[in-house]
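Coordinates in review
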Amino acid sequence: MAAPGTAGPLRDVVAYVEVWSASGTENYSKTFTKQLVDMGAKVAKTFNKGVTHVVFKDGYQSTWDKARTRGVKLVSVLWVEKCRTAGRHIDESLFPAANTQEHLPCLIKKKHKCMQPKDFVPKTPENNKRFQKKFEKMANELQRQKTTLDNDIPVLLFDSNGSLMYSPTTEMCYGHRSAMEKRLQDMKERRENLSPSYVKNGPARLGGVEGWRDLIGTHEESKRRGQGLKPTRTLVMTSMPSEKQDIVTRVVDKLKGFSLAPAVCDSTTHVLAGEPVRTLKVLLGLARGCWVLAYEWVLWSLELGHWISEEPFELSESFPAAPLCRLERHLSPGPYQGTLFADQPVMFISPASEPPRAQLCELVRLCGGRVTQVPRQASIFIGPSRGQKKATLKYLSERWILDSITQHKVCATENYLLLQ
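Since the model is a prediction, treat every value here as computed from it, not as a measurement. (Residues numbered from 1 in each chain as written. Predicted model: local features only at pLDDT ≥ 70, side-chain atom pairs only at ≥ 80, totals over all residues. Heavy atoms only, no water.)

Looking only at helices and strands, the chain has 13 helices and 14 strands in total. Taking all 420 residues of the chain together, 46% fall into the buried category. For the chain, the share of sequence-separated contacts (at least 6 apart) that also reach a separation of at least 24 residues comes to 66%. Here the chain displays about 22100 Å² of accessible surface, and carbon together with sulfur accounts for 53% of that area. (Helix = DSSP H or I, 4+ residues; strand = E, 2+ residues; numbered from the N terminus. Buried < 20%, exposed > 50% of the residue type's maximum accessible area, 1.4 Å probe, protein only. Contact = heavy atoms within 4.5 Å. Areas by Shrake-Rupley, 256 points an atom, 1.4 Å probe, with all protein chains shown as cover.)

Shown next, in the form of structure tokens:
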């Protein structure tokens, strides 16, 4: 049994962890075991009578059945993450575990590869006629059930060149595009939060049966289209410890559709933040109209086995510009170009500025602003200056640029003046 920390919010918990990838080939249990131990929990190596909680994802059916029989609490990996971020013992009912195989016939239940002999050849419709007949019958039944469900839930799909798109059932028509443009204008005027579903408790609102159904969508076409293709979109991580980076890397490797990049660039579509902290990567993501998302988006996608809709996880509360810039990029007929600083005078950015001059210049240009290397050609001087200040220049703190991008509005310059 893993030794617990001396104290912590989960000091009364004895957990058994069984977290696998949807394919049954990757075991993610070690990372979550460490997080539980850090919060004071005891982690059992076997499912013994002392276990109070089972952290479960795509594990063995026998583990699920045993937990149900004994009345042990079955929780998802999201419960572990929420306890960690909240620093307290969260109600388990908000993050129940899901068993994707519970209602499947034994014919199609998968075994973990570590339990199969090396020379094992699985039966498939291609090499077994009996299996083929059963499979066709089951597929017809699933198709019949599928047609009875509401199937317009947006999930991530990828087109033939690996670019992201939404489900064909939610394909945008001209009228819908006009409505989105009107929505964007209303948001700019009223500074409205785009994501009412994302509250201070984060994705906890999505727990339970209805929440699962709202996030699950068809993704077989996404998997088929993404096979053998190199992703053209990149995902960038920021404010994220190494253990979280490891999970993100492994999930991206399994679910495909993205490449990981060290810096925000033209191909970046998603910036993933371990904490809602304003970093250069977040600011560059805002300026480029990227999705700026909470880390929980990856955990939910891991839980469901495919990339899910991002909007509930957008950090619009911490970064109001996020939904505005992202929608502008979505509606842009060509390469996205921001216009936030388009009407501002020419700027000179001090070599002693912080953040560094090169990054500030990039931010200003991405937002439509103009930057000069010669102070006398500018009307606005950003950052520290040496010597006598000129009356023709307005000297502003670097925060004027950063705050304006975060709010997606040009902030009043009088609040950022650098006095003599």
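More follows now that the structure is in view.
According to the stated counting rule, one finds 14 salt bridges in the structure shown. For Lys57, the salt bridge identified is with Asp58, shortest N-O distance 2.4 Å. Judged by relative accessible area, which is 2%, Lys57 ranks as buried. Salt bridges linked by common partners bring Glu81, Arg84, Lys244 and Glu275 together as one network. (Salt bridge = Lys/Arg side-chain N within 4 Å of Asp/Glu carboxyl O.)

This brings us to the sheet that holds strand 11 (residues 347-349). Taken together, four strands build an open sheet; the order of strands is 12-11-13-14 and the sheet is parallel. Looking along the sheet, the strands with just one partner apiece sit at the ends: strand 12 (371-372) and strand 14 (394-396). Two strands pair when backbone bridges link them, and strand 11 and strand 12 are joined in this way by two bridges, in the parallel orientation. Each bridged residue has a counterpart across the sheet, and for Met347 the counterpart in strand 12 is Val371. Together, strand 11 and strand 12 form the strand contacts of helix 12 (residues 357-366), whose direction differs from that of strand 11 by roughly 155 degrees. (Pairing = 2+ DSSP bridges. Axes fitted to C-alpha atoms, helices over the stretch in contact; angles between N-to-C directions.)

The next thing to look at is the confidence of the model for the chain. Across the chain, the average pLDDT comes to 78, with 67% of residues at 70 or higher. Predicted confidence for residues 191-226 stays below pLDDT 50, and this span has 78 contacts to residues more than four positions away or in other chains. (pLDDT = per-residue confidence, 0-100.)

What follows concerns helix 13 (residues 399-407). A large share of helix 13 lies buried, amounting to seven of its nine residues. Within helix 13 the residues assigned to the buried category are Trp400, Ile401, Leu402, Asp403, Ser404, Ile405 and Thr406. Those residues of helix 13 that are buried lie in contact with helix 9 (280-287), helix 11 (321-331), strand 11, helix 12, strand 13 (380-382) and strand 14. Taken from the residues just after helix 13, His408 is the one with a positive phi, measuring 60 degrees.

This part takes up helix 3 (residues 77-86). Counting buried residues in helix 3 gives seven out of ten residues, a clear majority hidden from the surface. Turning to helix 3, its buried residues number three or more, namely Val77, Leu78, Trp79, Val80, Glu81, Lys82 and Cys83. Buried residues in helix 3 make contact with strand 1 (14-19), helix 1 (29-38), strand 3 (53-57), strand 4 (73-75), helix 8 (242-255) and helix 10 (296-304). Count one or two residues on from helix 3 and you reach Gly87, which has phi positive near 70 degrees.

Here we come to the pairing of strand 10 (residues 291-294). Side-chain alternation along strand 10 places Trp291 and Leu293 on one buried face and Val292 and Ala294 on a second face that is also buried. By the bridge criterion, four bridges tie strand 9 (residues 268-273) to strand 10 in an arrangement that is parallel. For His270, the partnering residue across the bridge sits in strand 10 and is Trp291. At this point the chain moves from strand 9, through helix 9, to the parallel strand 10, and the crossover so formed is right-handed. (Right-handed = clockwise from strand over helix to strand, strands pointing away.)

This part covers the sheet that holds strand 7 (residues 234-238). The strand order across the open sheet formed by four strands is 8-7-9-10, and the pairing between neighbours is parallel. Whereas interior strands pair on both sides, the edge strands pair on one side only; in this sheet they are strand 8 (259-260) and strand 10. Sheet topology places strand 7 next to strand 8; two bridges connect them, and they run parallel. From the neighbouring strand, Leu235 faces strand 8, where its bridge partner is Leu260.

The next point concerns the nonpolar core. Core analysis: the biggest nonpolar cluster contains 42 residues, and Phe32, Leu36, Trp79, Val248 and Trp297 have the highest contact counts within it. Taken together, the elements giving at least two residues each to this core come down to strand 1, helix 1, helix 3, strand 7, helix 8, strand 10 and helix 10. Ignoring sequence-local partners within four residues, the contact set of Leu36 consists of Leu10, Ala15, Val17, Ala41, Val43, Val55, Trp79 and Val80. Among the nonpolar cores identified, the runner-up in size contains 38 residues, and Ala287, Cys367, Ile382 and Trp400 belong to it. (Core = buried A, V, L, I, M, F, W, Y, C linked by side-chain atoms within 4.5 Å.)

Looking now at unusual backbone geometry. Residue Pro355 follows Glu354 across a cis peptide bond; omega there is 10 degrees. Along the chain, the position of Pro355 falls in the loop between strand 11 and helix 12. Even without being a glycine, Ser239 presents a positive backbone phi close to 50 degrees. Looking at where Ser239 falls in the secondary structure, it is placed in the loop between strand 7 and helix 8. The phi dihedral of Lys256 falls on the positive side, at around 65 degrees, and the residue is not glycine. Tracing the backbone shows Lys256 in the loop between helix 8 and strand 8. A relative accessible area of 46% means that Lys256 is categorised as partly exposed.

If you walk through the whole model with that rule in mind, you get nine aromatic pairs. Relative to Tyr395, the ring of Phe381 lies with its centre 5.1 Å away and its plane at 40 degrees, an arrangement referred to as tilted. Placement of the pair is Phe381 in strand 13 and Tyr395 in strand 14, with a sequence separation of 14 residues. Phe381 sits in the buried class, given a relative accessible area of 8%. The class of Tyr395 is buried, set by a relative accessible area of 8%. (Phe/Tyr/Trp six-rings, centres within 6.5 Å; stacked < 30°, edge-to-face > 60°.)

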